[in-house]
Each structure stands twice: as structure tokens, then as C-alpha cells.
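Chain by chain, the residues:
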Amino acid sequence: MRLPRALVAALLCLATPQAFAKLDLSKASVERLENGLTLILLEDRTFPVVSIQTVYRTGAKDDPAGRLGLAHFFEHMAFRGSKNFPDTGLVSEIYAAGGEWHGYTWIDLTTYFATTPKENLALLLDIEADRMARLDIRAEDVEAERGAVLAEMNGYLNDPDATLFDAVIATHFLTHPYRNNTIGYAGDINAISHADLEDFYHRHYAPGNAIVAIVGDFDRDATRKAAAKKFGKIRARANWRDPLTAEMPRTGERRIRLSLPSDEKLFKIAYPAPAASSDDFAAFLVLQALVGNSAGVNFSQNDWGTPVGDSSPVADVAENVRTWNIPTADPYLFIISGASRSNADEHKIEQAFQNALDLLARGNISHSVFAAARARVIDALTFDLETTEDAAHQLAYFAAIGAFPRLLTLEDDIRAVTSEHIATVAQTYLRENQRTIGWLVPGGRALFPAAAPNAPPLAERPGGKGHDNPAEAPTVIDNAAGVRMLFRRSQLSRAISVKAVLAGRFDCDICAIDLPAHGMTTVSASAASADAGGAFKSVASSIGNAKAMPDAIPSSADPLTRLDEIFAASVAARSAGSSPLILSASGDIDPSAAEQLAGSYFDFGKIEAEKPTDYLPPSGDIDFTVDAAKAQAAAGYIVAAPGAGDPKALATRIALYILSHGYEGRLGKEAISRRGLAYYIDAQYRAGPDGGLVTLAAGVDPDKIGEFRTLMKREVARLAAEPPTDAEIAEAKRHLSGRKISAAQSNSELVDAMILDWLAAGGPELPSAFARKLEKVSRDEVLAAAGELATGAIVTIGVGGVE
């Protein structure tokens, strides 16, 4: 029986009056060691994991002239090896523990982070202490890493939007080093020497220039003592930071126009924005929500801007309108971006945006609109803190940019913002004579090498025997129509995520095709807990409007996109209708309320019997060339794999880990660490009930595509010719077991984990049960899987038209 929606809403309200986010940053302890290191600790026992974030107050703004990109280049070197973790042990030990790691460089800082099962905290402390004081910066590694940095730079060069971003930044800032390009330019990158890297390390990687934040399941006193012991031994030394040149006063509007190969006409309009420590920062966040939507303040999760909502006053001005605003140490930028028709009147577009901002400056804001915008910012802050890694990032990041007190009071500051403050902020920062406008029109030719974008780098998220999570176990709810709903209550944040899985490929506003497996579609939405019904309604409505997609023919001129299209074309999806095969939800509401909401918004009906999906990867290697001027080509590998529930699936996952995972594995180590042929290798095993595909994909510079192809062929063949060793198999098992514990904390991650469990095991699977299954996988089974993995096809996408 379905309850009336009003009653459902009432049940929801009754279910969550005491639901508050457990990640309370105000409970963090902060102390400064004698050598100057800032240590921040926050206990949270929700999940048996621990996250560490180490931030150095050095970034692109500290790069010397002629060596732009030095801070970012050094970040790459800092993942190589150290006294106690030689070769690539700084990362391989985290992979082996079932953890995730990465780092990024930005204008203000460089950060390194990792999350593992909680028993590996000592390992993480050892790694970060070694990175701070005992790195082994070998001259013989510089050229390989230079190749990886250039490959990353060229990947951004393939994106016209990123190129325009870089040009606007350099036009807006004339003297302040925020104009520096984070990744650098080819000429500067090629000029960076081993001596430059060693000098940079000595100048900037000092305890007094660092913040270490640790969040998760640990004892505060014991961890404080352990951290003080590990880091306290590091000698204090002066940080020789050069003074920053102040930005010269603006004297009027600035413009730049680019003509480059592009599928659409693009624009960016930039205005000054306050630093995160400013009294205007909270008001500016609300102002951003009034213009479009709120992005929150978790920079690492919002790299390219937030799409404006349908109710935004600028939603219809152009296509794909986004706003972008991040926390910084010094005043930075607020950017409005979008696309337009080639014949659109540019002046009208620019004036429409300025008119909307001028209305805010005049204080023309209704009480209801203002209240809704402020509420959206509060909701966005909720999604900033869904995991221990999120919390560690925020604590260290804001401490590094001199805005730690602002972070702790930010929600209260936002609630205190008034419409009068919004008007003052708009009058101060959003004047027409202060803007910088950039247009990119299709045409011209690509120039390589060129300026790499001053864009935020992408931060990837990636043991021992598994142990069960003490958090509330999933609830399994079977619908009368045969649809199963998996729900997991999580009180780590005041939010909820809902995701449905459809058989076949469908198009809708919130559809993602070929997820969780090729030939499937997921429909997902998230909301604050108070609006949980909105998330269910959004998914249900989108499913109702979803249209089945025909099999696509690979046609993209972008090499990596064409590679994905070839992978997708290897699967003939068979639609079973648009009723969901499974519904998965996680959040801070009562399970009974979740069940009632699902029943209220979903009228599942009778589902057709699922039709089998054909997995038919190419039987031979493919070499293809796209007729486009691109800075980067692409190389990949594809092979048929067992279905998710097949007994052979775990052996295949073990073999794939040994071949390639992120920056490591046999192929990753050879291609990235030792030869610098690529920046990153994306290794995927996506499987449905009928079968699956293993795919590898990498962006490769055009002049290195042949070398990369030869290496990939060799390493794939070696997987069978030189079978995995017992040590490699043991490490892979440890990694998979640890990831079962550490991979899912946020609601969206928990939802995905339940779906993968459903595919592989037919329902929820505890880490202990998963670990037992792993232990039973024999060496012979892994060797057989390695042999099967080596029977696939190599796909290379070269580029033409490069002059």
C-alpha cells in the first residue's frame, strides 16, 4: 500500500529531528609542534578508515620566472621514492593496503592525501614524514617525470574551454602571481633541472610550511603522540618564500579573443572575488547561489564550475551556463562561463549577465528568493563533508590559505548574511568596469606547444584481511513488481543519494550510460536529507522521461572520447524497458521513510524479462586516426571478461590489478614512472550479469603513440608469459580487501557499492565475506585469468592535421 505523500513527508520529519552531521569540524584539535608543523586531528568512528592530508603552503604563485610549473613538477617527483619507501613505494604501499591516494598543485598550495583502513595509520604517517624530509630526488627520474608532466599538460590542451580559462586568468591578473600557469608551459617544463627540483624541495618542504590533518577512526591522544614523534624529529628550517607582487589597480574592462578548433563558441566573464578570510566571503557564496547554484567550498570536488539552475535569472542567456568561485589566500576571481550559437549577439549576452548582477547591486532581491539561495549554500556545504577525506581536505586547505577560523564559523556566517550585504558585495566586486571577458570562436588552427591551462588538476580517488563496517548494514526491500531496493542509513552528512539501474542505454537529464556496466544506465540524484523526497522524485521523473538510445557509431574527433566510443560499440545493449532493475539509496533518514518515499514516487509496473547483452570486443588490433589537430592521441586495450557474479570475476580483478592500476602495476610502472609515456592509465573492469569488459585507456602524446603501443603489447603478453608471482597475487588480494573497507563513505559511494554488491553477489556483501571469497581464489585461477586477459585487442587513436 502506498501512503499519501503528505503522510510520507510527516514520517520523514519525525524520522530525522535529531539527525546531525557527525563530521563536526569544530571538534578538531589544532596544535603547533616545536619545529613549526601544524597538526590537526578529528576523530570520527563512523567508518573503520583513516584519512590524512598534508598541505604545503607553496603553489604556482611561488614558481620562479622561467620555471613556471616547478611546484607541480615537484609534486610528481614527490610520489616517486624516499629513504624508507624506495622506487615507487610511497604509492604502491598505499595501493597494497587497499587505500586511495593522490595529490594536486594549485596556485596557493600543494597537497597530498590518502585514505586507508584504520590499521594502516602508522604507514600513512611514515609516508608523509618521509615525503617531508627524506625524498630521494634522483636525477635519472627527472626525464621520465618530465614526459608524464608534458602528457598531462597536453591532455588539457585538447580542451578549448581550459585554454580559454587560462587566457582569461592571464588577462585579468597583470602583476599578481595568481596569473601563473599551474602546470606550466612546454618551454619552462623542458628547462626544469634536477638542481631546480632539489632547491625547491629545500626551500619549501619544511615543517613550518606544512599542515597535517588526520581524520577518522583513531584514538586522539595516541595519534597525537605518534604524529609528534614521526614529524617532530624533522629539523625546523626557514622557508625562503619570495614576496608576492601585488596586483596593480584596474583601469577598466579587459578583453581577449581566441580563434581555435572547437565544436562550439565559448565565453568566460570574470570579476574580482574576495579571499576566503574576508568578511565578504560568506556573502559572496550566497551571491553565487543567487546567480545560479551554490558550489560549496570543497575545491577538490568542484573543478570546473557549477551549472546554474532552471530558476536562475541567467539560465536562458546562453547554453551550459556555469559559475565558478573557489577559496583562496588572496583575492581571486568569480567566473561565469557558457557557450553560444556562432551567430549570437555577444554584446547582448554580456549585457544580460551584467543586468542580472546590477539588479543584485541595487538590492532587488525578494525575501523568498534570498532565503532559498541561502538554503542552497547550506545544502552545498553538506555535500562538501561526506567523507573523512573531505574533512581532512577542508581542515588542511583552509589552514593553509589563512582562513581556518572562517571555515569553522562558515555555516553561521552564511545564516547571518543579509540582503543588504549582498547588495554591497555586488556593488564592490561585480562592476562592469572590473570585468575581464574572453571569447573563443571556432576556427584557426591548434598551436602546439601552447600554454597549458591554469586549471585545477583532477584529483583521483582510488589491507589486510577485511573486517565488517560497524555502520548500519543495508536494508533490502523487495517491491511487489520485482524491483529490489537497497538502502543504507548513513549519518555522516545530512544528505541522501538515490540511484536506479536500467537495462539498456537511455538518455535523460541525469542518466549516465554504460554504468555500472556497459549496456546499462544509471539515473541518480542527491539532496539534503530534509528534501529526500526530491531526490526520489527526480530519479523517478527522469526514468519516466528517459528515451532508449540507438547503438552509436564512433565518430568523435577527440581521441580519448573516440576510444570510449569504440569500447561502447563492443557491447550490444538490449533494453528491458525503462523500469529499474534495482534502486539503491543511502542517507540520513530512517529506512522506513526511505521505503515509503520510494513507494510514493515509483510506480514500477511489471518489468520485462531482461534480455541478454552481447559483449563482442574486436578480435584484432585497431589503429585509427582522427582528422583533428590535437595535442594528445590515445591508446587503449579491450578484452571480454566474465560477468560480475561469475566465479572467475575475482581472479580477473586480481590479474587486472597486477597488470595496471592507476599509476602502478606492471604496465603503469613501466609506462609512467620509468618512461614518462603517459600521465595516467585508466584501468576498468565493468561487468553486468551476462559478461563484461576489461579496458585500459591513456592519453599519449602523438610522437610517443608507437612506443606506448609496443610497450602495452609487450606487458599484456608478459602477463601470460611471465605469470603473476605469489607476492603480486597476495598484494592484489590485500588491495581488493582493503578497498572493500575504504572505498565507500559518501552517500553516492555507498549507493554505488551496494549496486556492485548486487551485481556480484545478489545483495549486500560484508567485507569479511568478501575477504573469505578472495582467500579462496587459487593461484591457478589467477594464472588462467591472466591468460584470458592477454587475449584482447590494442586500440590506438592517432591524430591528423597537426602542423
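To start, this report covers the structure provided alongside it. Everything numeric here is computed off the predicted structure, so don't read it as measured data. (Residues numbered from 1 in each chain as written. Predicted model: local features only at pLDDT ≥ 70, side-chain atom pairs only at ≥ 80, totals over all residues. Heavy atoms only, no water.)

Moving on, we come to the side chain of Gln 632. Relative to the elements of secondary structure, Gln 632 occurs in the loop between β23 (622-627) and β24 (633-641). Using a relative accessible area of 6% as the deciding quantity, one classes Gln 632 as buried. Here Ala 151 takes part through its backbone oxygen, which lies 2.6 Å from a polar atom of the side chain of Gln 632. The residues contacting Gln 632, other than those within four sequence positions of it, are Ala 151, Asn 154, Gly 155, Asn 158, Pro 559, Leu 560, Gly 699, Val 700, Asp 701, Pro 702 and Val 799. (Helix = DSSP H or I, 4+ residues; strand = E, 2+ residues; numbered from the N terminus. Buried < 20%, exposed > 50% of the residue type's maximum accessible area, 1.4 Å probe, protein only. Polar contact = N/O pair within 3.5 Å; in protein donor to acceptor, adjacent residues only side chain to side chain. Contact = heavy atoms within 4.5 Å.)

Judged by nonpolar contacts, the single largest core of 127 residues is most densely connected at Phe 74, Leu 197, Ile 214, Phe 231, Ile 654 and Phe 708. In terms of residue count, helix α20 (residues 649-659) provides more of this core than any other element does, nine residues in total. Excluding its chain neighbours within four sequence positions, the residues that come into contact with Ile 214 are Leu 39, Ile 40, Leu 41, Leu 42, Val 50, Ser 51, Ile 52, Leu 121, Leu 125 and Thr 223. The next biggest cluster of nonpolar side chains, apart from the first, holds 100 residues, and it includes Tyr 104, Trp 106, Trp 324 and Ile 378. (Core = buried A, V, L, I, M, F, W, Y, C linked by side-chain atoms within 4.5 Å.)

Right, let's talk about the layout of surface pockets for a bit. Where empty space is left can be seen by rolling a probe of water-molecule size over the atoms. In this structure, the second largest pocket spans a volume of roughly 1,200 Å³. Along the wall of the second largest pocket there are 30 residues; nearest its centre are Asn 293, Ser 294, Phe 383, Ser 526 and Ala 527. Only β9 (306-307), α12 (367-384), β18 (520-528) and α17 (532-545) provide two or more residues apiece to the lining of the second largest pocket. Split by residue class, the lining of the second largest pocket holds 10 nonpolar, 14 polar and six charged. (1 Å grid on protein atoms, 1.4 Å probe; cavity = no way out; pocket = protein on both sides within 12 Å on 5 of 7 lines; lining within 4 Å. Points joined across faces, edges and corners; volume = space filled by probe spheres on them. Nonpolar A, V, L, I, M, F, W, Y, C, P; charged D, E, K, R; others polar.)

Now for the sheet that holds strand β17 (residues 511-513). Strand order in the open sheet formed by six strands is β13-β14-β21-β15-β18-β17, with mixed pairing between adjacent strands. Both outer strands of the open sheet, β13 (475-478) and β17, are each paired with one neighbouring strand and no more. For this sheet, the mean inter-axis angle between neighbouring strands, taken without regard to orientation, is 20 degrees. Taken together, the three bridges between β17 and β18 define a ladder with antiparallel strand orientation. (Pairing = 2+ DSSP bridges. Axes fitted to C-alpha atoms, helices over the stretch in contact; angles between N-to-C directions.)

Note on backbone geometry: most residues besides glycine have negative phi, and most peptide bonds are trans. For the bond from Leu 515 to Pro 516, the omega torsion is 0 degrees, close enough to zero to count as cis. Relative to the assigned elements, Pro 516 resides in the loop between β17 and β18. With phi around 60 degrees, Asp 87 is a residue other than glycine that occupies positive phi space. With respect to the helices, strands and loops of the structure, Asp 87 is situated in the loop between α2 (70-77) and α3 (89-96). Phi is positive for Asp 514, which is not a glycine, with a value near 60 degrees. When you line up the elements, Asp 514 lands in the loop between β17 and β18.

Pairing analysis gives four bridges linking strand β1 (residues 29-32) to strand β2 (residues 38-43), with the strands arranged antiparallel. By the bridge assignment, Ser 29 is partnered in β2 with Leu 41. Count of turn residues in the β1/β2 antiparallel hairpin: five residues, of which Gly 36 carries a positive phi of about 100 degrees.

When you line up the elements, Ser 660 lands in the loop between α20 and α21 (665-674). Leave out the neighbours within four places in its chain, and Ser 660 touches Gly 665, Leu 667, Gly 668, Ile 681, Ala 683 and Leu 696.

A separate point is the pairing of strand β8 (residues 265-273). Of all the nine residues making up β8, nine are buried; the element is thus mostly covered by neighbouring parts of the structure. Sheet topology note: the β8/strand β12 (residues 436-442) ladder contains five bridges and is antiparallel. Each bridged residue has a counterpart across the sheet, and for Ile 269 the counterpart in β12 is Ile 437.

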